[in-house]
Amino acid sequence: MPEFPVRKIALQIEQIFHESGTALSAPRLRGAVLAICANPFARGFHADLQPAMEDLKPLGLMLTDKLIAALGGREGIDGYGKGAIVGENGEVEHGALWHVPGGYAMRERLGESRAIVPSAMKVGGMGSTLDVPLGHINAAYVRSHFDAFTIASPDGPRADEIMFVLAMAKGPRVNSRMGGLEVWQVKGEDGLR
């Protein structure tokens, strides 16, 4: 069983009061949590990576719980996304290990959530930024929830590390007005509409 010892966990929470135009009566919240872990697959090619997703499930649940608590509880969380930055001695496929443990952990803790969890991953050095895409938790076609949360850590990931990220939001973009499927129209049957 591969091990992914955690070197660092960080949270970033934003309260957005307005972009321009009318200020909100209560701020929109969005946040991200990251864990910088050792990459047991760095410096070599490993044909069978999939079993390691099981090893990352506890980390996915722990980070999900931390982020939900930082956002004041799960009520109102209606956007999510995930991502990873792999240090230079790894490969982008090591970031793909996060698909199941990160995405399924959020779905488990948030309850009804049928839409695919948007994802971004790349190989990058210390201080690299990652734009984690956000989408509505029950309907991928809700345009008001298309967003991105930029995350970085100045001291990671180091060459033999991976930075795993989860992001969530409460509410649509401030003053969203691009039409399309509205939240009140969501049927939530297939994760699309």
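Details of the structure are given in the entry above.
Residues numbered from 1 in each chain as written. Predicted model: local features only at pLDDT ≥ 70, side-chain atom pairs only at ≥ 80, totals over all residues. Heavy atoms only, no water.

The next point concerns the overall build of the chain. Across its full length, the chain carries three helices and seven strands. Walking the chain from its N terminus toward its C terminus, one meets helices and strands in the order β-β-α-β-α-α-β-β-β-β. On C-alpha atoms alone, the chain measures out to a radius of gyration of 17 Å, which is about the 16 Å that the 2.2 N^0.38 rule sets for 193 residues. Expressed as a percentage of its 193 residues, the buried residues of the chain come to 46%. Considering only contacts within the chain whose residues lie at least 6 apart along the sequence, 78% involve residues at least 24 apart. Here the chain carries 20 positive and 22 negative side-chain charges, and the mean point of each set is 5 Å from the other. (Helix = DSSP H or I, 4+ residues; strand = E, 2+ residues; numbered from the N terminus. Rg over C-alpha atoms; globule rule 2.2 N^0.38 Å. Buried < 20%, exposed > 50% of the residue type's maximum accessible area, 1.4 Å probe, protein only. Contact = heavy atoms within 4.5 Å. Lys, Arg positive; Asp, Glu negative; His and termini not counted. Charge placed at Lys NZ, Arg CZ, Asp CG, Glu CD.)

Here we take up the packing of aromatic side chains. Applying the stated rule across the entire model yields three aromatic pairs. Between Phe4 and Phe164, the ring centres sit 6.3 Å apart and the planes meet at 65°, which makes this aromatic pair edge-to-face. Of this pair, Phe4 sits in the segment before strand E1 (6–16) while Phe164 sits in strand E7 (residues 161–170), and the two are 160 residues apart along the sequence. Here Phe4 matches Phe164 in class, with each residue buried. In this structure an aromatic cluster arises from ring pairing among Phe4, Phe41, Trp98 and Phe164. Above the face of the Tyr104 ring, Arg107 is positioned so that its terminal group lies 5.9 Å from the ring centre. (Phe/Tyr/Trp six-rings, centres within 6.5 Å; stacked < 30°, edge-to-face > 60°. Lys NZ or Arg CZ within 6 Å of the ring centre and 35° of its normal.)

The next subject is the nonpolar core. Most often, soluble globular proteins keep nonpolar side chains buried together rather than apart. If you look at the biggest cluster of nonpolar residues, it comprises 30 residues, and the most contacted ones within it are Phe4, Leu59, Tyr80, Leu97, Leu110, Phe164 and Met168. Contributing elements (two or more residues each) for this core: strand E2 (28–38), helix H1 (52–70), strand E3 (77–86), helix H3 (99–110) and E7. In terms of residues, this core owes the most to one element, H1, which gives seven residues. When sequence neighbours within four positions are dropped, the list of residues in contact with Leu110 reads Ile68, Arg74, Ile77, Tyr80, Ile137 and Met168. Judged by nonpolar contacts, the second largest core, of 14 residues, contains Ile36, Val132, Ile151 and Val165. (Core = buried A, V, L, I, M, F, W, Y, C linked by side-chain atoms within 4.5 Å.)

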